[in-house]
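Descriptive analysis of the structure
So the chains spell out like this:
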Amino acid sequence: MGKFEIKKDKAGKFRFNLKASNGQVILSSEAYNSRSACDNGIESVKKNSQNDAMYERKTAKDGSPYFNLKASNGQVIGSSEMYAAASGMENGISSVKKNASGADIEDNS
């Protein structure tokens, strides 16, 4: 089972990572000003992660595939790592779908 890990960055903002059961980060959030906003982001990931239309498949300038997960309002709520191939990106999306909805939350802030 995956988990969301909440932490504070150097600027004091809240961020979360969704980790797969093997401990690998599969989705990282933007920075939030408050813990409650971070919690709302996690809930949005849980809600939107099951809908394939919410995933924006992208290619970085160096050609590496990656994806963003968007909320219903179009705002990016999480981004993946860069992948070596499109198949890896699709596996990452599948992992988010599998892990997000039932993931526990671990507060390390």
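Here, the structure is the one placed above.
The notes below deal with the structure included here. Computed from a prediction, not measured in an experiment: that's the story for all the values here.

1. A closer look at the nonpolar core
In terms of nonpolar packing, the biggest core is built from 24 residues, with F4, F16, L18, V45, F67 and V96 touching the most fellow members. Elements that contribute at least two residues to this core include exactly β1 (3-8), β2 (14-19), β3 (25-28), α1 (35-48), β5 (65-70) and α2 (86-99). Contact partners of F16, with chain neighbours within four places excluded, come to F4, E5, I6, L27, S28, S29, Y32, C38, G41, I42, V45 and I77.

2. Observations regarding the packing of aromatic side chains
Counted according to the given criterion, the structure contains 4 aromatic pairs. With centroids separated by 6.4 Å and ring planes inclined at 15°, the aromatic side chains of F67 and Y83 adopt a geometry described as stacked. Here F67 is found in strand β5, whereas its partner Y83 is found in the loop between β6 (76-79) and α2, with 16 residues between them in sequence. Take F67: its relative accessible area is 0%, and that puts it in the buried class.

What counts and what doesn't
- Every chain's residues receive numbers from 1 upward, in the order its sequence appears when written.
- Local features in this predicted model are restricted to residues whose pLDDT is 70 or higher, and side-chain atom pairs enter the listing and the counts only when it is 80 or higher, whereas totals over whole chains, interfaces and linings include all residues.
- Excluding hydrogens and water, the side-chain figures rest on all heavy atoms present in the structure.
- Buried Ala, Val, Leu, Ile, Met, Phe, Trp, Tyr and Cys residues form a nonpolar core when they are joined through side-chain atoms within 4.5 Å.
- Classification of residues uses two cut-offs on accessible area relative to the type maximum, computed with a 1.4 Å probe and protein chains only: under 20% is buried, over 50% is exposed, and between them is partly exposed.
- Numbering of helices and strands runs from the N terminus, with a helix taken as a DSSP run of H or I at least four residues long and a strand as a DSSP run of E at least two residues long.
- The contact definition used throughout considers only heavy atoms, calling two residues in contact when any of these lie within 4.5 Å.
- Side-chain rings of Phe, Tyr and Trp, where Trp is taken by its six-membered ring, are said to pair if the distance between their centres is within 6.5 Å; with planes under 30 degrees apart they count as stacked, over 60 as edge-to-face, and otherwise as tilted.

The values reported here are purely geometric and, on their own, carry no functional implication.
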